[in-house]
Amino acid sequence: MTDLLTLGETMAAFRTTGPLRLGGTAGISVAGSESNVAIGVARLGHRAAWVGVTGADEPGELVRRTLRAEGVDLTWSRVDTAAPTGLILFENRVADINRVTYHRSFSAGSRLGPADVTRAFDAPGPPPRLLHVTGITCALGVEPYQAVVEAVRRARVAGSTICLDVNHRNRLWSLTEAAAALRPLLPSIDLVIASDDELAVLTDATDPAPALLSAGVTEVVVKHGADGATSHSATGTIHRPARTVPVVDTVGAGDAFVAGLLSGWLDGVDASARLDRAVTTGAFAVASRGDWEGLPDRAELALLDHGPGG
Ligand code: CKP
Ligand code: MG
């Protein structure tokens, strides 16, 4: 049985230590919000599956090999011979500030469509316990958006819990476009995750969390960056401060947070313990270079409480 099913685009990632125009060396890895979450959840011992498309090329092999090595199920992913795997460049400028550039137009990843999702949901066996979708996949084009719509529809019918991370990306679409695409999904969403500034994508209300709860969402989790996170639900509001760690690389921190939160959900712990785990996994990502490389396994979760000496 799959605990968490997610879908999206994963790219080969090049991390430089300075401006690319100066040449030099780059670290090569993979990046993609949804697969970051799948990796985070898999490291914590849950069964995670990623639905996505890669090109028949070396970057695509890197993506597939990395996800497989991290224990992510690729049964419903596929290779498309007609388009290349997308690339993402992280050029380190100063301290933890990166310039991010996508090379993902017409990529294989953007050829994800509803048929990919149908194959996943038609597979024998119980449906996934959780479906996780993000605004990034919706922003990739009509077909990827339809894939998300279909995944949400099928998950609803199957009784899976559905999580939406707004994950707004200005480089991919405008706030208005994001609002038009994501708001119609809301009646089917159980758990919304957004940073403060992303809530306007989902509602025009001056007090967004209560408005989303009245629209039928069960829990709204708002990330405040260095100021922690807040969970809003019918049972009340819970706040957790961020954990204090040295800031090395903030990219991927949102996904790490989501992985911790969803892992807590899969374990059946309460909202307060879910938030504790989310700020902990988020802190691991902030304190390590790379989107997902520093994410903890089960035993490491307590490291920030006790330090390496235990
Ligand atoms: O919101 P986060 O910083 O956690 O997301 C980072 C990911 O998918 C990163 O892996 C990148 O590839 C992306 O978001 C993206 O498409 O921007
Ligand atoms: Mg994010």
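Below or above, wherever it landed, is the structure these notes cover. Treat the numbers as computed from the prediction; the structure is a model and nothing was measured. As a convention, each chain's residues are numbered from 1 in the sequence order in which they are written. Naming scheme: in the order in which they are written, chains are lettered from A and ligands are numbered from 1. Where local features are concerned, this predicted model is filtered to residues with pLDDT of at least 70; where side-chain atom pairs are given and counted, the filter is 80 or more; whole-chain, interface and lining totals use all residues. Hydrogens and waters are ignored; side-chain quantities use all the structure's heavy atoms.

It is worth spelling out the pairing of strand β2 (residues 11–16) at this point. Any residue under 20% of the maximum accessible area for its type is buried, any over 50% is exposed, and the rest in between are partly exposed; the area is computed with a 1.4 Å probe on protein chains only. Here a strand is any run of E in DSSP of at least two residues, a helix any run of H or I of at least four, and the numbering for each starts at the N terminus. Across the six residues that make up β2, a large majority, five, are buried. One ladder, built from six bridges, connects β2 with strand β3 (residues 26–31); its direction is antiparallel. For Thr16, the partnering residue across the bridge sits in β3 and is Ala26. Note on pairing: two strands pair once DSSP finds at least 2 bridges between them. With five bridges joining them, β2 and strand β7 (residues 87–94) adopt parallel strand pairing.

Let us now look at the sheet that holds strand β8 (residues 97–103). Overall, mixed pairing links the four strands, which are arranged β3-β2-β7-β8 in an open sheet. Each edge of the open sheet is held by one strand with a lone partner, namely β3 and β8. In this sheet, neighbouring strand axes are inclined to one another by 25° on average, regardless of whether the strands run parallel or antiparallel. Along the sheet, helix α2 (residues 58–69) makes contact with β2, β3 and β7, crossing β3 at roughly 65°. Helix axes are fitted only over the stretch in contact, all axes being lines through C-alpha atoms; the angle between N-to-C directions runs from 0 to 180 degrees. Contact criterion: two residues are considered in contact whenever any of their non-hydrogen atoms come within 4.5 Å of each other.

What makes a nonpolar core is a set of buried Ala, Val, Leu, Ile, Met, Phe, Trp, Tyr and Cys residues whose side-chain atoms join them at distances within 4.5 Å. Grouped together as the largest cluster of nonpolar side chains are 43 residues, with contacts concentrated most on Leu7, Leu131, Leu182 and Leu202. Broken down by element, this core gets its largest block of residues, six residues, from helix α5 (residues 142–158). In contact with Leu7, not counting residues within four places along its chain, are Glu34, Val51, Leu112, Val117, Leu131, His132, Val133, Thr137, Ala147, Val148 and Ala151. Core analysis: the next-biggest nonpolar cluster, separate from the first, contains 36 residues, Leu4, Trp50, Val258 and Leu261 among them.

Okay, the site of ligand 1 next. It suffices for a single heavy atom of a residue to lie within 4 Å of a molecule or strand for the residue to be listed as near it. Taken together, the neighbourhood of ligand 1 is formed by 17 residues, with Ser33, Tyr102, Arg169, Gly252 and Asp291 sitting nearest. Any N or O atom pair separated by 3.5 Å or less is treated as a polar contact, with the protein-specific requirement of one donor-capable and one acceptor-capable atom, and with residues adjacent in sequence counted only for side-chain atom pairs. Note that an oxygen atom of ligand 1 is positioned 2.7 Å from one of the backbone N or O atoms of Ser33. In this structure, an oxygen atom belonging to ligand 1 sits 2.5 Å away from a side-chain N or O atom of Tyr102. Each accessible area is a Shrake-Rupley estimate made with a 1.4 Å probe; only the visible protein chains count as cover when residues are assessed. The protein chains hide 91% of the 410 Å² of surface that ligand 1 would expose on its own. Grid spacing is 1 Å over the protein atoms alone, the probe is 1.4 Å, and a cavity is where that probe fits but cannot get out, while a pocket is an open set with protein on both sides within 12 Å along at least five of seven lines and lining residues have an atom within 4 Å of a point. Assignment of a molecule to a cavity or pocket requires that more than half of its atoms lie within 2 Å of the corresponding grid points. For ligand 1, the cavity whose grid points lie within 2 Å of the majority of its atoms is the largest pocket. For the shell around ligand 1, the elements supplying multiple residues, two or more each, are α1 (33–43) and α9 (253–267). With three residues, the single largest contributor to the shell around ligand 1 is α9. In terms of residue class, the shell around ligand 1 is made up of seven nonpolar, six polar and four charged. Basically, the charged four are Asp, Glu, Lys and Arg, the nonpolar ten are Ala, Val, Leu, Ile, Met, Phe, Trp, Tyr, Cys and Pro, and anything else, Gly included, counts as polar.

The strand order across the open sheet built from eight strands is β4-β1-β9-β10-β11-β12-β13-β14, with neighbouring strands paired in mixed fashion. The open sheet has two edge strands, β4 (48–51) and β14 (236–240), and neither has a second partner. Geometrically, the sheet is characterised by an average inter-axis angle of 15° between neighbouring strands, direction not taken into account. Relative to strand β10 (residues 161–165), strand β9 (residues 130–134) runs parallel, the two being bridged by five bridges. Bridged to Thr134 within β10 is Asp165.

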